[in-house]
Amino acid sequence: MPKLTLDELRKKREDARKSIYLREGDFTGKITVHLGTCGIAAGARAIVSTFLEELEASGLTNVVLTTSGCAGLCSREPMATVEMLDLPPVKYVELTPEKAKRIFREHIVGSTIVAGYALGIGSETGG
Amino acid sequence: MAARRIELMLCSGTGCVAGGSFRIKKALEEEIARRDLQGEVSIVSTGCNGFCGQGPLMVVEPEGILYGWLDPEEIPSLVQEHFLKGRPVKKLMFVPREKKEPVPLLRDIPFFKKQTLTVLRNKGLIDPERIDDYIARDGYVALETVLTSMQPEEVIEQIRKSGLRGRGGAGFPTGVKWKVCRNEPRTPKYIICNCDEGDPGAYMDRSVFESDPQSVIEGQTIAAYAIGASHGYIYVRSEYPLAIKRMQIALQQAREYGLLGENILGSAFSFDLEIREGSGAFVCGEETSLIHSIEGKSPEPRQRPPFPAQVGLWGCPTVINNVETLANVPVIINRGADWFSGIGTETSKGTKIFSLVGKINNTGLIEVPMGMKLREIIYEIGDGIPGNKKFKAVQTGGPSGGCIPASLMDLPIDYESLIQAGSMMGSGGMIVMDEDTCMVDVSKFYIQFTNDESCGKCSTCRDGSAALLEVLTRITNGEGRDGDIEFLEELGKAIKDASMCGLGTSLPNPVLSTIRYFRDEYEAHIKQKRCPAVVCRGIISSPCQYMCPLHTDVPAYLTLIARGQFKEALEVVRRTNPLPIICGRVCMAHCTTKCRSKEGGDAIAVRELKRFLTDWELASGELPESAPFPRKYDEKVAIIGSGPAGLTAAYYLAEKGYAVTVFEKFPVAGGMLALAIPDYRLPKKLLQMEIDVIRDAGVDIKTNSPVEDVGAVFHEGYRAVLIAVGAHKNRKLEIPGEDAEGVIDPLTVLRKVNLGEEVPALGNRVGIIGGGNTAVDAARTALRLGSKEVVIFYRRTRPEMPAIPEDVEAAFEEGVKIEYLVAPTRVVAEHGRLKGVEFIRTKLGEPDASGRKRPVPIEGSEFVVELDSLLPAVSQDTEIPAGFGVEVTKGNAVKVNNETLMTNRDGVFACGDAVTLPTDVTSAMAEARNAAELIHKYLRGEEVKREYALITPSIRVEPIELESEITDTTRPLMPRIPAERRKGNFDEVELGYIKEVAMREAARCLRCDWEVQKMRERAREQEIGVEA
């Protein structure tokens, strides 16, 4: 890859926003599994696999699965954040593959938050 | 009809019949017959229970457990588990549907609400392995700004103005460090990121690498630009594989984009970074050792100055910054120095990341503004201590830091106040400790760590830490000596003074700060051979034996029960307890408070098992032989009061060979056992049997014999007197109107009932104030006497009630109601006669210095309850006649020297309620045993002084071999007679365990003592081996 100039970096910033902000991208859902050491130790890799299997089985193409670092509340890992267009983001805690399956089917496919597994909705920092 | 232990209320409503309740009934009858339980369990068909959707249904009385969706096939196992083994079957129990509550907003959850995300701004939001994600969230904007519009000096000035200080722990101003390096004329210069995070319990830096590595690269690049470095290192410990991997990916991606390398973003500035993996020596976190490590030398510190900013890596000017410091840099550039310095305190600006770990509900990584109070971190962000335990201290700064006690909960967390408190910021580990943490053990842990990690260069650090460790190990083994504390303090200061690097100069901090705040704990270990937190294995053989005031060898007798050796088990009990029948019924069971079986299950039912033994003995008719102890000495001893303290002291003095006379002012012996505890808990007949044992041992008990004048007793030829009177005087509520007619002393009621005298009429509506055993007994007695509505008013909540929990349950079954969080404010009277009581609602407020939440009245929440009588049972006092001639406290307790139990009057001793005010049976008995020992010393002319010794097993009992692992961790229910059969009589409520239940429960003991016994045996063998 050629080195970026200042302008190219700025352009890249605009483009990159589409891949992390739902409203600016061309996908309708995003699942972020928190893969810090704490999450991995608590079994987060199995959660990634489960979401991946569900995603493939569902044939959905407008939902992305991504990973991120520790979400802070290490005692409630594994955690995942689910964002769907027109719904507030939801943080799910203490996940198991079974819970992940249900979240995929009810929240991602069915647009209904699985209240029993959710820690909270919205963003952490207000706004 | 004989009382059946269990009643099954089987619903025969239409719904349940349709669901098959007749088949259930048949299956139950068959199984009960097969198990030969007809005498124990009866089946009652009831009308519709109302929960038709869960049918067929059955309620098990007296526990009130509801089983739903019953299936005939499940009945055999249900009968076996619940009725035979006493373990309710959870999977068949009806569970109320979980309440549907709306999902809260994340920002309303205190854990998130109180945080200020600066360094952790991208936490959980970006993919750390995609540089584009970082860029999309304004990544590298700061580098753009710096490279296009700022001179290096301007960057340094911004950082200096912001007030940013090193986040590695020491807190040196970052801008100053950069400036020193910038001003050095020599080149090349280096910038090093220190990610050698080694404090136990700290993982902030690892997490930043794992979740946002680009922020560190950007910060380090800006730092390089500012100081004029073209090459940098990232020093990270090799135990962080994920952090290293993500950083490698991040570096690769930054290079591909030209954000590292030649002519970054088309500017003249070139810079690149490489990773150096440290091998995990703690000292490498120290900057000069870290430099040696990168240079390939052995990681030992060197003397400073010159500082690395002047002479660093390869002899060149070098800045070493912590991960978090560097990650702050882009934010300061983007948002300005003023914005940053607006956060935090006068001297400590910005935010700090802490890893909040230990005994705290929310474990995790938090970022808070500097100056936040410890209280907010522990109780709001951390959501308090698990299991409602007391918060004791928080350890900050790892092995270099110290412990901050709960009394400093309002301390603002910044660099200076932590130092003042004897700790330090350190890299940000925050280990929360609860009441179950021993501070001496904690300080031993840290010294063990630093002793392992000392590089060995300075003898003060190398040998000093070893000397500290040796003394701490002795203390935690119960072998501490006078002067140990002073030695630790002196040596600690010397190590601080004479060591070269931060490791040595700070390693005594954990010891010095715990001595500063918890000196009494050190003293308890050294002088009394006690570990107040019940932790040190060198002192505590088993928590049960240790916690029992009598130090009864619980593990030994439990194992003997599990083996069916009941006689031998009871012999072990009697070694330390002359009143096992009584204690098997009314003991507070201190032994269970720290039982290790509570971790993931119930404590072993020790009191119930002791009762089983005495039940077995009574049933077997094999009562132990009793004969008077032989007289060895001429001296006579007088004991005033025949309660548990008086009886116990009398027994042990008789055993020693003295003539003992007990003077009791009431017509019956037994003190509070006979007068305050109703028959339904402790039948008179059984109490009498045990008093007879004491009598048979040769003790003369004179009832109806009040003592008013101790001088007269000496005159009769007694050589020593023990005051062991009970607390019979009810304490007043100190509220207006309490002298009204209808406000009745609960102890008088209990006493009259116990003596068979006429009891004042209580009326239909009875109110009780208090939460102890007297309150609960007053309530249960009122119901038995015919009152219709009995309510206990208690100012705290159920977990805080001091009454025996099983008795509170029994009270509920009988219909006693409890109003929590209320306190009486005045008695409402008419013509001098009680009409009702005004209460105010309370809430549990802020925890006090001890960490317990105190009840605080809620203004304007007063309400009046109409009552026919009020029984205030908040506490009791003793009445010490002036004729005793002994000094008393303000609360009218006898003053004694705690080491001798002697009063100000020669030869007059005191113990039990008389000294401590209302205490419990076993505590009173334990002090009485000590009193007997001290009186013996007094009479023999020896020095009267309490002796402290390690508590050790009394007998060697091998653990049982289990046929299969015990997976059930619950204790069996105590069978009780059904609630409706308890009305109008004082029959004993608890029925006791059957043999099978008792043996199975005893087998559940974990035998904590065994490991310690084996350890000591091995140590002894080794000793002998060496000598041979």
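Residues numbered from 1 in each chain as written. Chains lettered and ligands numbered in written order. Predicted model: local features only at pLDDT ≥ 70, side-chain atom pairs only at ≥ 80, totals over all residues.

**Here we look at the sheet that holds strand 26 (residues 869-872) of chain B**
Residue and element names in this part refer to chain B.
Line of reasoning, step 1. In space, the 4 strands of this open sheet follow the order 21-20-19-26, with parallel pairing throughout. A single partner strand is all that each edge strand has here, and the edge strands are strand 21 (817-819) and strand 26. If you compare each strand with its neighbour and ignore which way they point, the axes differ by 25° on average.
Line of reasoning, step 2. Of the strand pairs in this sheet, strand 19 (residues 765-769) and strand 26 are connected by 4 bridges, and their pairing is parallel. Looking across to strand 26, one finds that glycine 767 is bridged to leucine 870. (Pairing = 2+ DSSP bridges. Helix = DSSP H or I, 4+ residues; strand = E, 2+ residues; numbered from the N terminus. Axes fitted to C-alpha atoms, helices over the stretch in contact; angles between N-to-C directions.)

**Considerations on the sheet that holds strand 13 (residues 429-434) of chain B**
Residue and element names in this part refer to chain B.
Line of reasoning, step 1. Spatially, 10-9-13-11-12 is the arrangement adopted by the 5 strands of the open sheet, whose pairing is mixed. Strands with a single pairing partner mark the edges of an open sheet, and in this sheet they are strand 10 (364-369) and strand 12 (402-405). On average, each strand axis in the sheet is tilted by 30° relative to the strand beside it, whichever way the strands run.
Line of reasoning, step 2. Two elements, strand 9 (residues 351-358) and strand 10, share 6 bridges in a ladder whose sense is antiparallel.

**Overview of the pairing of strand 15 (residues 659-663) of chain B**
The side chains of a regular strand alternate between both faces of the sheet.
Residues and elements named next belong to chain B.
Line of reasoning, step 1. Direction of pairing for strand 14 (residues 636-640) relative to strand 15: parallel, over a ladder of 5 bridges. Across the sheet, the residue bridging to lysine 636 is alanine 659, located in strand 15.
Line of reasoning, step 2. What joins strand 14 to strand 15 is helix 27 (residues 644-656), and the crossover it makes is right-handed.
Line of reasoning, step 3. The sheet contact formed by strand 15 and strand 16 (residues 700-702) spans 3 bridges and is parallel. Pairing of valine 662 across the sheet is with isoleucine 701, part of strand 16. (Right-handed = clockwise from strand over helix to strand, strands pointing away.)

**Considering the packing of helix 9 (residues 204-211) of chain B against helix 13 (residues 323-335) of chain B**
Residue and element names in this part refer to chain B.
Line of reasoning, step 1. The N-to-C vectors of helix 9 and helix 13 enclose an angle of 45°; their axes lie 9 Å apart at closest approach. As summarised for this structure, helix 9 and helix 13 are arranged oblique, according to the angle between their axes. Listed contacts from helix 13 to Met204, Asp205, Val208 and Phe209 of helix 9 are Val323, Glu324 and Ala327.
Line of reasoning, step 2. Its residues assigned to classes, the contact of helix 9 with helix 13 comprises 5 nonpolar, no polar and 2 charged. (Parallel < 35°, antiparallel > 145°, perpendicular 65-115°, else oblique. Contact = placed C-beta atoms within 7 Å. Nonpolar A, V, L, I, M, F, W, Y, C, P; charged D, E, K, R; others polar.)

**Observations concerning the interface of chain B and chain A**
Line of reasoning, step 1. Contacts between chain B and chain A engage 39 residues on the former and 37 residues on the latter.
Line of reasoning, step 2. For the side of chain B that touches chain A, the secondary structure elements donating two or more residues are helix 4 (110-113), helix 5 (131-136), helix 6 (141-149), helix 9, helix 11 (241-256) and strand 10 of chain B.
Line of reasoning, step 3. Here the residues of the side of chain B that touches chain A sort into 19 nonpolar, 9 polar and 11 charged.

**Considerations on the packing of helix 3 (residues 44-58) of chain A against helix 4 (residues 97-109) of chain A**
Residue and element names in this part refer to chain A.
Line of reasoning, step 1. Axis separation between helix 3 and helix 4 bottoms out at 9 Å; the angle between their running directions is 40°. Between helix 3 and helix 4, the interaxial angle falls into the category oblique. Considering only the axes of helix 3 and helix 4, their crossing is right-handed. Note on element contacts: helix 4 touches helix 3 through Pro97, Ala100, Lys101, Phe104 and Val109, opposite Ala46, Ile47, Thr50, Phe51, Glu54 and Ser58.
Line of reasoning, step 2. Looking at the contact of helix 3 with helix 4, its residues break down into 7 nonpolar, 2 polar and 2 charged. (Left-handed = near helix turned anticlockwise from the far one by under 90°.)

**Side note on the environment of valine 236 of chain B**
All names here are of chain B.
Line of reasoning, step 1. Within the secondary structure, valine 236 is located in strand 6 (residues 231-237).
Line of reasoning, step 2. Judged by the 24 C-beta atoms lying within 10 Å of it, valine 236 is buried.
Line of reasoning, step 3. Residues valine 236 and arginine 276, spaced 40 residues apart in sequence, show a C-alpha to C-alpha distance of 6.3 Å.
Line of reasoning, step 4. The contacts of valine 236, once residues within four sequence positions are left out, are Cys195, Asp196, Phe209, Ala243, Ile244, Met247, Ile275, Glu277 and Gly278. (Buried ≥ 20, exposed ≤ 12 C-beta atoms within 10 Å, placed from the backbone.)

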